[in-house]
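# Observations on chain architecture
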Amino acid sequence: MSCSISIDPSAKKLRVNKDSYDFDKISDVQVRTLSWKDKLLNMFIIGFIASSVLFIIVPTDEHGQVITSVLPVVAFLIGACIALFVSSKYEFRLEFRYSDEVGVQWFTAAKGRTVVDYQMFKTREVELKHYL
């Protein structure tokens, strides 16, 4: 999925896909390359969610006990493999000042997998830092 990031200096807004952010609430911007540690964490989380959902859905009875204990493990492995292939490599992150008691927090505004996405993220980072 391609990402659209546009900067509107006259309205003082950053648009990421359908979302819009005011320059006044953005403290900083960052492009991050995800490491293998991040990918492994993502694989573990998605695998755990897949196995948990399957564990809840599959009924337990005394004859199917082997199947009931093996299916969540298989679902974990399948979920982890899927996460490995669909996880992103680059993140466009914003440090955002929320108006409530949450305060200032980093969040991922966009993700990308290709070098073209990375170059676009870097370009937008430089542009946005100019306006901040």
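Refer to the preceding data block for the structure.
For clarity, every value in this text was computed on a predicted model and none was experimentally measured. (Residues numbered from 1 in each chain as written. Predicted model: local features only at pLDDT ≥ 70, side-chain atom pairs only at ≥ 80, totals over all residues. Heavy atoms only, no water.)

### Thoughts on the pairing of strand S6 (residues 104-112)
Which entries qualify depends on this criterion: Two strands pair under a simple rule: DSSP has to find at least two bridges between them. Where helices and strands are cited, they refer to DSSP runs of H or I of at least four residues and of E of at least two residues respectively, numbered from the N terminus.
The pairing of strand S5 (residues 90-97) with S6 spans 8 bridges and is classified as antiparallel. The residue of S6 that forms the bridge with Arg97 is Val104. If you look at the hairpin formed by S5 and S6, you'll find 6 residues sitting between the two strands, and Gly103 has a positive phi there, around 85°.

### Some words on the sheet that holds strand S4 (residues 26-33)
As a reminder, the rule being used: With axes taken as lines fitted to C-alpha atoms, and helix axes fitted only over the stretch in contact, angles between N-to-C directions fall between 0 and 180 degrees. The contact criterion used is simple: two residues touch if any of their non-hydrogen atoms lie within 4.5 Å.
Read across the sheet, 3 strands follow the order S4-S5-S6 without closing on themselves; strand pairing throughout is antiparallel. The open sheet terminates on both sides in strands that have one partner only, identified here as S4 and S6. When the angles between neighbouring strand axes are averaged without regard to direction, this sheet yields 25°. Strand contacts of helix H3 (residues 115-131): S4, S5 and S6, with the helix running at about 155° to S4, the strand carrying the most contacts.

### Considerations on the nonpolar core
Most often, soluble globular proteins keep nonpolar side chains buried together rather than apart. Rule in force here: Only buried Ala, Val, Leu, Ile, Met, Phe, Trp, Tyr and Cys residues count toward a nonpolar core, and they belong to the same one when joined by side-chain atoms within 4.5 Å. Note on classification: 1.4 Å probe, protein chains only; a residue is buried when its accessible area is under 20% of the maximum for its type, exposed when over 50%, partly exposed between these limits.
Counting 20 residues, the largest nonpolar core has Ile5, Leu14, Val16, Tyr21, Phe92, Leu94 and Phe121 as the members making the most contacts within it. Listed by contribution, the elements that provide at least two residues to this core are strand S1 (5-8), strand S2 (13-16), S4, S5, S6 and H3. Top element by residues in this core is S5. It accounts for 4 residues. Excluding residues that lie within four positions of it along the chain, Leu94 makes contacts with Leu14, Tyr21, Ile26, Asp28, Val29, Gln105, Trp106, Phe107, Ala109 and Leu128.

### Re a nonpolar patch on the surface
To be explicit about the condition: For patch detection, residues must exceed 30% relative accessible area and be free of salt bridges, and they are connected within 9 Å for like charges or within 5 Å for nonpolar side chains (Val, Leu, Ile, Met, Phe, Trp, Tyr). Working definition of accessibility: Shrake-Rupley area with a 1.4 Å probe, residue cover restricted to the visible protein chains. For salt bridges, the criterion is a side-chain nitrogen of Lys or Arg within 4 Å of an Asp or Glu carboxyl oxygen.
Together, Leu41, Phe44, Ile45, Ile46, Phe48, Ile49, Val53, Ile56 and Ile57 line one region of the surface with nonpolar side chains, adding up to about 900 Å² of accessible area. Residue Phe48 is classed as partly exposed on the basis of its relative accessible area, which comes to 49%.

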